[in-house]
Amino acid sequence: MVYTLAGAGVTVAEEVALKWYELVQTNLPMCTLSAVFGPLQLTYAERQILLRKQIPWALACGRASAFFMNIYFERYFEKDINELRRMMRISVMPKTLNE
């Protein structure tokens, strides 16, 4: 559900950015490994977006948002996604260097 709230797609770069978000939220070793070693397979351009935009977004958003593992998402399926984003204090992930 966090992927949907963050507006993330299915790219490796977006997955890595969300692992940074999860790392801030949970401090789990699996997130650390994915966050550190995941970018190794990215292109230079993808790494630039990740380093300049997505990781800073993930760190700020992870600190500011509600702890996502305590949310019963099933209770919010009928709500507007933007309302849920406001409630959880999560913003949409930047996808380019211009955002």
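Higher on the page you've got the structure.
Calculation rules
Residues numbered from 1 in each chain as written. Predicted model: local features only at pLDDT ≥ 70, side-chain atom pairs only at ≥ 80, totals over all residues. Heavy atoms only, no water. Helix = DSSP H or I, 4+ residues; strand = E, 2+ residues; numbered from the N terminus. Rg over C-alpha atoms; globule rule 2.2 N^0.38 Å. Buried < 20%, exposed > 50% of the residue type's maximum accessible area, 1.4 Å probe, protein only. Contact = heavy atoms within 4.5 Å. Areas by Shrake-Rupley, 256 points an atom, 1.4 Å probe, with all protein chains shown as cover. Lys, Arg positive; Asp, Glu negative; His and termini not counted. Charge placed at Lys NZ, Arg CZ, Asp CG, Glu CD. Polar contact = N/O pair within 3.5 Å; in protein donor to acceptor, adjacent residues only side chain to side chain. Core = buried A, V, L, I, M, F, W, Y, C linked by side-chain atoms within 4.5 Å. Salt bridge = Lys/Arg side-chain N within 4 Å of Asp/Glu carboxyl O.

1. Details of the overall build of the chain
A tally of regular secondary structure across the chain gives 5 helices and 0 strands. Here the C-alpha atoms of the chain give a radius of gyration of 13 Å, agreeing with the 13 Å that 2.2 N^0.38 yields for 99 residues. Overall, the C-alpha framework of the chain stretches about 40 × 30 × 20 Å when taken along its three principal axes. By the burial criterion, 41% of the 99 residues in the chain qualify as buried. Put simply, 71% of the contacts in the chain that link residues at least 6 apart link residues at least 24 apart. Here the chain has roughly 6,000 Å² of accessible surface; of this, 60% comes from carbon and sulfur atoms. Separation of charge centres in the chain, based on 11 positive and 9 negative side chains, amounts to 8 Å.

2. Description of the side chain of S65
Following the sequence through the fold, S65 ends up in the loop between α4 (44-64) and α5 (81-88). Residue S65 is classed as buried on the basis of its relative accessible area of 7%. Polar contacts involving the side chain of S65 include one to the side chain of Q25, which spans 3.1 Å. Discounting chain neighbours no more than four positions away, the residues touching S65 are Y21, Q25, M88, R89 and I90.

3. What about the nonpolar core?
The biggest cluster of nonpolar side chains holds 27 residues, and the ones touching the most others in it are F73 and M88. Residue contacts for M88: discarding those within four places in its chain leaves L5, S65, A66, F68, I71 and F73.

4. Observations concerning the pattern of salt bridges
As a working rule, side chains carrying opposite charge can pair if their charged atoms are close by. On inspection of all chains with the given rule, the structure shows 4 salt bridges. Salt-bridge contacts for E22 lead to K19; the nearest nitrogen and oxygen are separated by 2.9 Å. Linking E22 with K19, this pair stays in helix α2 (residues 12-26), spanning 3 residues, or about one helical turn. The pair formed by E22 and K19 is uniform in burial state, with each residue classed as buried. Two residues, K79 and E83, come together in a salt bridge whose shortest N-O distance is 2.9 Å. Linked by salt bridges that have partners in common, E15, K19 and E22 make up one network.

That's the geometry; what it means functionally is another story.
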